[in-house]
Structure formats: structure tokens, C-alpha cells
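# Survey of secondary and tertiary structure
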Amino acid sequence: MTSVDVSTETTPEDSGPGGYAAARLRLLQEESRSGPPRRAALAGLTDAWLAGLFRAGGPAGVPRGAALVAVGGYGRSELSPRSDLDLLLLHDGTADGAEVAALADRLWYPVWDLGIALDHSVRTPAEARKTAGEDLKVHLGLLDARHIAGDPGLTAALRTDVLADWRNQAVRRLPELRELCEERAERQGELSHLLEPDLKEARGGLRDATALRAVAASWLADAPREGLADARRQLLDVRDALHLATGRATDRLALQEQDQVAAELGLLDADTLLRQVYEAARVVAYAGDVTWREVGRVLRARSGRPRLRTMLGGRAGGGVRRGGDAGAERSPLAEGVVEQEGEAVLARAARPERDPVLPLRAAAAAAQAGLPLSLHAVRRLAAAARPLPVPWPAEAREQLVTLLGAGRPTVPVWEALEAEGLITRLLPDWERVRCRPQRNAVHTWTVDRHLVETAVRAADLTRRVGRPDLLLVAALLHDIGKGWPGDHSVAGETIARDVAARIGFDAGDVAVLACLVRHHLLLVETATRRDLDDPATVRGVAEAVGCVGTLELLHALTEADALATGPAAWSAWRGALVADLVQRVAGALSGDAPVEAESEREEAPPTAEQERLVVEAFRTGGPVVGLRTEDDAEVGAEPLGVELTVAVRDRPGVLAAVAGVLAMHRLTVRAAELREVGVPVPEASSVLLLSWRVAAEYGSLPQATRVRADLARALDGSLDIEARLAEREAAYPRRRGTVAPPARVTVAPTGSRAATVIEVRARDVPGLLHRIGRALEGAGVRVRSAHVSTLGANAVDAFYVTGLDGAPLTGERAVGVAREMEGVLRG
């Protein structure tokens, strides 16, 4: 045992209960000693007292082949002021039973007399191993066995055997241990978010830290070490202060005791205490996530190894390579990001030091695929990635929106980024809300987690709004002002303006986001506290939001915020009141400011390059393709992909054909416009001009000549796009990914006088525009113009269509076309 330098250390001569109790009290009252030194000193003091009790009967009173062993927390020398004692009286079975019983009584009764909780057992080594094999908790306690008194060889032999058993049984025991941790987390909740957390049992608490030690002892996997020891120490320090403040053996940090515990630790206040606890718990919880994924990979590899040896004639190699097998299959997810062994990792060619968008792209790809972001990838990104320029490039903003729109898988990816400091590097204002407690019984989460949870809820509502990107970013920022004094909505408005401009939104979008943050409580407070029949109530809300589009966003944000707050914050009654208010305000706004139909606005004339393509398409009779790379773009242009322009004589199926060819070439459509352009030639038919903003999913862009050749074949029927896309789907089967809201197709109520406006809101997936084009063609309508936009992972597309006679569709037929398209896209 490590010697302990304490003035109160006992000797065998003063080993009675009174002497130990007085020495123990003096130790706990020493203000100069706290934390690990005090815990070690308390363990040493207790060791000396128990060793004295063990030898009190002299040589005749101690059976041969007996030892006193500390296990569990006491075995780790982690004695808090009110900790119980976990003791094992070990004997080799040769001594008389009465002698062993007498020794046990001499040990246990003094402990009980002092009112110290005692978990004790008397066993032979064989019995101890048998019990450990039947009871996982016993086995875990024995992993920390430490000799106190008696025959040290007996203790050493048991430790060796118990560790050997643990390693030999790891394939069976580790899944059992993981299940135990998950069940406990389900019962106790997450330590990093609870207002009255259990420091030991909740997820991220001391039990989980002990489980990680057990995993490391198996030699199959190890937890990330950075920060873990400090986090464990902080939680133990808080438990020590809690024991001293309450005088009880408790692990629950109750509200009424937090101020006293904070004072005991020399902290400013209870909020500072909780933030410290939450930060430590997050370190432990994240280390657990990483470790259990590694355990899963190792166990899967071991289960497959016998079959591999059979296939290779017994030549399969040795152990599992830490960090993943270099020969494991790697499937591309995005530029610089691949899937390997169930995780999103960086591609071998990725260069974070040259690609400042890579952290967001990797996070978005991982969340959309429903995969965790590997520890190695996150740490490499944190160490090497260059800071983003301000304002952010368009791709960075799109990747942030894509990450936020992934739904539930966003949470673990966000936590991985936060664990390595990437979130506060991207969004410096996040630091003020990180781990900030909310002392409100309605709130389930800390401020920062509530913001992420609101984005998760908002992802389910993106089909209800025309700007899902603004909804998701507003969800992330709506409570950002809670890190500042005063009204958090007022402070948040200022912060939201700065953040929105920083990440690259234009002035109009910045104003909308600021409005949403400033008024994110307006609808629910007005609906539940004001008279909705009073015109002033409706007029006040209308003046605050300004337009129907902002009202639509605020309605969705209100619901997402309430759902993310907790079960008491939203109900059918509140939802109905808010919906009633929104309907009244929308009517007022629509009456005051009619929406101008987009198709009625004057379109910009074709550029000289577009006119050249139109003339060439008419002259040749075939499609003409122009590709404008970022290097050719004008200074200040949005560098989100490249411009691809296609000119082709008007004919049925053009939209579906072009979209299908782009999907075939793995080009993601970020924005697109389709319009008719007249050719100044007598009796000439019009030419369709399709302007696309595209980006390669990964790798380099295809050559324009290849795209043109495939497009010509698609239009003349010699290229079966459906078959090619099916082959691609078969080669790269769809991952489990996220469950997106179903597609929504509607007829715009304020359409054009010359066409019917069909609006599609759906998840942006490969081939989406091709399917839409095929659905429109199958419905027997003609696309006069189209406006396609991809906002993160969501597509919001408007198609101005007519019948084959060139007239707008009747109301009934328009609704029928919309329903038919919705069925196709959801099927």
C-alpha cells in the first residue's frame, strides 16, 4: 500500500473505534487537505485501523491463510467522507470455521458500532471467483481488489486470477456490462442535464467512469484518456463536498444543498457548480460512447475471425488493429469523408489544413448517414482544420444547415464536435450557453442542449415552411441570449444578427432570423394570455412579424421550442390556440400586403453566353452544355458549386432527362432555373434554358462533353436513365441514415395568371428532380418555368405548369396533380 503522510494516522495501539473516529474527524476537518489527497489519506487511515483490528488477537487470533481485502471504491482508495466500506475476508479454506468467524466478528462489529455502512463477505478464492462469474457487480468490485492485512500472497493470487477471468470472459462480460450501463442511464437520466443529478448512477457519472476502467482491464479497448481523469476527480470532489455539507452518504445533488456544496468547493454559486458537474459528466459520457463503439467493433471482428480462418485455411492474422483495419471497406459519404466500420472517418486524401469547410462537411455527412463521427477524425479536424473566413463561404453555411436538419442523429455528432472544442471555435457565442443550467422545472435540458433539441424538433417541421434553412438556424439560436443579463430575447436578437452575418446570410435573411429570435415567445404568450377576438391583438402580432413567410417560420419555431422544452410545455390545447392566432394573423397580413406571384416579376434577360447556347441549340437541334467553374466566376459570386447551363429545343421530358443525367454523374443540384427563351427566327420553336448550380458529391466534376453526350442519348431514348440510377443505388445501398419528414406537394394559393404553381418540399436525395420531372410528365402537364433551391438537406422547388393547351390548370386538376406527385415522391 502507498504510504500516507497524515498526522492523524493510527497505530495498532489506538486501533479502537474511538481512536479511529477521532482521527477520522480531525482529518475531515483539515481545510488544507481536500480532493485526492484527502481521499487517499482517509483510505490510509482506515487501512491502518482495520489492519489493527485484524491483528488485535495476536498471532493466535489470526488464522493462517487469511487476508483482508478492500474492493470497489475502497479498493481504489476513493473514500468520500460518508462512503461505505467494501471488504472481503479471504481465507484459503484450511482454517477452522470458528476461527474465521471470530476474525470476521472482530472486524465487522467495530465498523457497525461507528455507524459506517459495510458491504462485507467471507470467501475462499474459489468461492470469490465463482461468485464473480455469476454476478457482474461482484466481478467489477474484485477488479479493484487491494490488500489491507494478512497473507499478501493470497490477495495477489486472487487479483491475478480475477483479472485473467475478466479477460478470458470479456466477449461475454462486456456486452453484459454495456447493457447494465444503458439500463442505469434509462433509469437515472443524463448527469449533464439534470437539475438534481445523481453523481454516481446517472449517465456520465462515477459508475460509468468505473465501467470504463473495467473495459480497459479487459485489454480489448480503452477509453480516450484526455480529460477523463480530471473529470472523474471533479465528480469525486463534488461528492466529498456533498457528504460534508449534508452529513449523509448521498450521491444526489439536491437543489437545496447546491449552494452549500458550491461554498465547500470555493465556487462562486450553484450555477457554477452545476456547469462544472455537467462538463465533467460530458467528458465521461463521450468517452463511454467512443469506448463502447470500439468494443463493438472488436467483438464483431472476433466473432468473424473463426469463419475467416476457415476460408483462408487457418492463415488469418492476429489482433484487431486499433483505430480500424486499414483494409476495411470504405464507402464515400462526401468530399473528404467516408464510412468505415460503422463510423464516419476522413478519407485518406482529406487535407483539413487546406479545407476549412471539412469539419462541417464531415459532421453533416455523418449525421445525414446516421453514423457517429470517429474520435480520430474529430481530433484531427480540431488539430489541423483552418478557421473559416468571415463571413463563411456558402458551402459552410449549407453544411451547417444540413447538420441541423438531420434530426436525432445530429445530437451525438454535435456532442463529438463539442467535446473537442469545435463548436465554440465555429460559433464563439456558444461558450456562454454551453452547460448552462436552466432552473425551471419545465425545462428538461441545459440551454445548449435545448437549442440542439429544438433544431432536432424543427427538422420534423421543415415541410411546413418555405425556408427550412432559416427555421433550423433560428432553432439553434433562439435562446442564445440566455448567456447574457436581461431579457434573453432582446439580447438574443443582437447576437443572432451577428451570428447570422458571420455565417454568411444576406441582409434580408439576417433580419428574419433576428425577428424570429426576438419574438420566439410571442405566439404562445399571446395565444394563451390575450383575447384573440380583439383586433388589436392580431394587429400587434402582425406588426411584429411583418409578413406571412416570417409568420410561417415563427409558428414552426414556436412548436419546436415547446416540444424541446419538455412534456409540460406543449399540449393539444396550446397548439390549437397558437394555430388559431396564426390563422388570424395570416389573414390580416395577406389582406394588407398581397403576395406578388414570382412568375409575374420581370425576369432578367439572358446573358450573352446564354444567348449563344440558345442559338447553338436551335441550330444543331441537340443539347448544348456550358460549364462555368469557380475559377471563371465573377469576384464576389457565391462559391457553392459551379454553374451548368443546358440549352435544348423544347420537347417533353427535358427536365427529367437533364436531372437524371446530373444524378447519374453524381452531381448534387444546389439551385436551378428553367425557362423558355424565344429564338429570333421565323416559325422557330422556343428553346428551354436550364441554369443549374451543381456540386460533385465527392471527387472531381465530370467533363462537359461527357454530360452533353449522355444528355443527347437520354433525349433520343438510347440511354436508360432509370436503369443506370438503379445500378448506382444497388452498388451503394442506402444507409439507415435519418428519417426525414415525408414530401409535401401543394398548389400555391397566390399563383400566376399564366400558369399554375406547384410547390414541392422534400428531402434532397439523388435523383429527386428526375423523379419530379417524370411525375410531371406522367401527369400530362407542361413545365413553363421552374425555380429549384436546395437549403441544407431540404429541397424547396416551385414549378409553373400549364396544360398541354398552354392554359393554367383548373383548381380540381391542379390538386389532383399535386396529390399524384406527392404519392410518387413518398412511395
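Please read these numbers as outputs of a predicted model, since none were measured by experiment.

With mixed pairing, the four strands of this open sheet are ordered in space as E3-E2-E1-E4. What marks the edges here is a single partner per strand, and that holds for strand E3 (118–123) and strand E4 (146–150). Within this sheet the neighbouring strands show an average axis-to-axis angle of 20 degrees, counted without direction. Here strand E2 (residues 85–91) pairs with E3 via six bridges, running parallel. Note that in E3 the partner of Leu89 across the bridge is Val122.

If you trace the three strands from one edge of the open sheet to the other, you get E5-E6-E7, paired in antiparallel fashion. Both edges of this open sheet fall to strand E5 (330–334) and strand E7 (343–346), since each of them pairs with a single strand only. This sheet shows a mean twist of 40 degrees between the axes of neighbouring strands, independent of strand direction. The pairing of strand E6 (residues 337–340) with E7 spans four bridges and is antiparallel. In the strand pairing of E7, Val337 is matched with Leu346.

Attention now goes to the pattern of salt bridges. Where side chains of opposite charge bring their charged atoms close, a pairing between them can arise. Per the stated rule, a full pass over the model turns up 57 salt bridges. We note a salt bridge from Arg39 to Asp240, for which the minimum N-O separation is 2.7 Å. One end of the pair, Arg39, is in helix H2 (residues 35–55); the other, Asp240, is in helix H11 (residues 228–246), and 201 residues separate them in sequence. Look at Arg39 and you get buried, because its relative accessible area is 3%. A salt bridge links Arg408 to Glu453; the shortest N-O distance between them is 2.8 Å. Residue Arg408 is located in the loop between helix H16 (394–404) and helix H17 (410–419), and its partner Glu453 is located in helix H19 (residues 447–459); the two are separated by 45 residues in the primary sequence.

Right, let's talk about the packing of aromatic side chains for a bit. Scanning the model with the defined rule gives three aromatic pairs in all. Ring centres of Tyr109 and Trp112 lie 5.1 Å apart, and the angle between their planes is 90 degrees; on these two criteria the pair is classed as edge-to-face. Note that Tyr109 and Trp112 are positioned in helix H5 (residues 97–113) at a spacing of three residues, about one turn of the helix. Taking the relative accessible area as the measure of exposure, Tyr109 reaches 47% and is therefore partly exposed. When the ring centre of Trp219 is taken as reference, the NZ or CZ atom of Arg167 above it lies at 3.7 Å. In this structure, Arg449 is placed above the aromatic ring of Trp445, and the distance from its NZ or CZ to the ring centre is 4.2 Å.

Turning our eyes to something else, we now look at the environment of Arg213. For Arg213, the location among the structural elements is in helix H10 (residues 206–217). Along the backbone, Arg213 and Leu143 are 70 residues apart, and their C-alpha atoms lie at a distance of 9.2 Å. Residues in contact with Arg213, not counting those within four places in the same chain, are Arg76, Asp144 and Arg232.

Counting 95 residues, the largest nonpolar core has Leu373, Trp392, Trp414, Leu427, Trp430 and Val585 as the members making the most contacts within it. Tallying contributions element by element places helix H14 (residues 358–369) first for this core, with nine residues. Ignoring any residue separated from it by four or fewer positions in sequence, one finds Trp430 in contact with Trp414, Glu418, Ile423, Thr424, Asp448, Leu451, Val452, Leu476 and Ile480. Core analysis: the next-biggest nonpolar cluster, separate from the first, contains 53 residues, Leu662, Val694, Leu776 and Val788 among them.

Bringing the confidence of the model for the chain into the picture now. Residues of the chain with pLDDT of at least 70 account for 89%, and the chain-wide mean is 87. In this model residues 308–324 is a low-confidence stretch, pLDDT under 50, and it forms 16 contacts with partners more than four residues away in sequence or in other chains. Long-range and interchain partners of residues 631–639, a stretch whose pLDDT sits below 50, account for six contacts in this model, where long-range means more than four residues apart.

Quick look at the packing of H19 against helix H20 (residues 468–477) now. To describe two helices that pack against each other, one gives the angle between their axes and the distance between the axes. At their nearest, the axes of H19 and H20 sit 7 Å apart, and the two run at 155 degrees to each other. In this view, H19 runs roughly antiparallel relative to H20, as classed from their interaxial angle. Seen along the crossing, H19 lies across H20 with a hand that is right-handed. Along its contact with H19, which presents Leu451, Thr454, Ala455, Ala458 and Ala459, the element H20 presents Leu471, Leu472, Ala475, Leu476 and Leu477. Residue classes in the contact of H19 with H20 are distributed as nine nonpolar, one polar and no charged.

What follows is about the side chain of Asp797. The residue Asp797 is located in strand E15 (residues 794–802) in this model. With no salt bridge to any partner, buried Asp797 finds its closest opposite charge in Arg761, at an N-O distance of 9.6 Å. In this structure the side chain of Asp797 is engaged in a polar contact, spanning 3.4 Å, whose partner is the backbone nitrogen of Ser789. Setting aside residues up to four positions removed in sequence, Asp797 forms contacts with Ile758, Glu759, Val760, Leu769, Ile772, His787, Val788 and Ser789.

Burial analysis of strand E13 (residues 756–763) places six of its eight residues in the buried class, which makes it a mostly covered element. Pairing of strand E12 (residues 744–747) with E13 involves four bridges; the strand directions are antiparallel. Looking across to E13, one finds that Val745 is bridged to Val760. Across eight bridges, the pairing between E13 and E15 is antiparallel. Pairing of Glu759 across the sheet is with Ala798, part of E15.

The next subject is a negative patch on the surface. Where like charges cluster on the molecular surface, the negative patch consists of Asp135, Glu176, Glu179 and Glu183. Position of Glu176 among the secondary structure elements: in helix H9 (residues 170–188).

Before going further, it helps to examine the packing of H2 against H5. At their nearest, the axes of H2 and H5 sit 9 Å apart, and the two run at 145 degrees to each other. In the packing of H2 onto H5, the handedness of the crossing is right-handed. Contacts between H2 and H5 involve Trp49, Leu50, Leu53 and Phe54 on the former and, on the latter, Leu103, Arg106, Leu107, Pro110 and Val111. Counted by class, the contact of H2 with H5 contains eight nonpolar, no polar and one charged residues.

As a further point, take helix H27 (residues 608–620). In an α-helix, one full turn covers 3.6 residues, which means residues spaced three or four apart are oriented alike. With 13 residues, H27 should reach 18 Å at 1.5 Å per residue; the first-to-last C-alpha distance of 18 Å fits that figure. Residues of H27 that are buried: Gln610, Leu613, Val614, Ala617 and Phe618. Along H27, the residues classed as buried sweep out an arc of 130 degrees about the axis, all on the same side. Facing away from the buried side of H27 by more than 90 degrees, the exposed set consists of Ala608 and Arg619. Where H27 is buried, its residues touch strand E8 (624–628), strand E9 (642–649), strand E10 (667–677) and strand E11 (687–696).

This part is about the pairing of E2. Across the seven residues that make up E2, a large majority, seven, are buried. Going residue by residue along E2, you find Leu85, Leu87, Leu89 and His91 tucked away on one face and Asp86, Leu88 and Leu90 tucked away on the opposite face as well. By the bridge criterion, five bridges tie strand E1 (residues 66–70) to E2 in an arrangement that is antiparallel. Bridge pairing in E2 places Ala70 opposite Leu87.

Definitions and cut-offs
Residues numbered from 1 in each chain as written. Predicted model: local features only at pLDDT ≥ 70, side-chain atom pairs only at ≥ 80, totals over all residues. Heavy atoms only, no water. Pairing = 2+ DSSP bridges. Helix = DSSP H or I, 4+ residues; strand = E, 2+ residues; numbered from the N terminus. Axes fitted to C-alpha atoms, helices over the stretch in contact; angles between N-to-C directions. Salt bridge = Lys/Arg side-chain N within 4 Å of Asp/Glu carboxyl O. Buried < 20%, exposed > 50% of the residue type's maximum accessible area, 1.4 Å probe, protein only. Phe/Tyr/Trp six-rings, centres within 6.5 Å; stacked < 30°, edge-to-face > 60°. Lys NZ or Arg CZ within 6 Å of the ring centre and 35° of its normal. Contact = heavy atoms within 4.5 Å. Core = buried A, V, L, I, M, F, W, Y, C linked by side-chain atoms within 4.5 Å. pLDDT = per-residue confidence, 0-100. Parallel < 35°, antiparallel > 145°, perpendicular 65-115°, else oblique. Left-handed = near helix turned anticlockwise from the far one by under 90°. Nonpolar A, V, L, I, M, F, W, Y, C, P; charged D, E, K, R; others polar. Lys, Arg positive; Asp, Glu negative; His and termini not counted. Polar contact = N/O pair within 3.5 Å; in protein donor to acceptor, adjacent residues only side chain to side chain. Patch = residues over 30% accessible without salt bridge, like charges linked within 9 Å, V, L, I, M, F, W, Y side chains within 5 Å. Areas by Shrake-Rupley, 256 points an atom, 1.4 Å probe, with all protein chains shown as cover. Charge placed at Lys NZ, Arg CZ, Asp CG, Glu CD. Expected span 1.5 Å × (residues − 1). Arc of directions from axis to C-beta.

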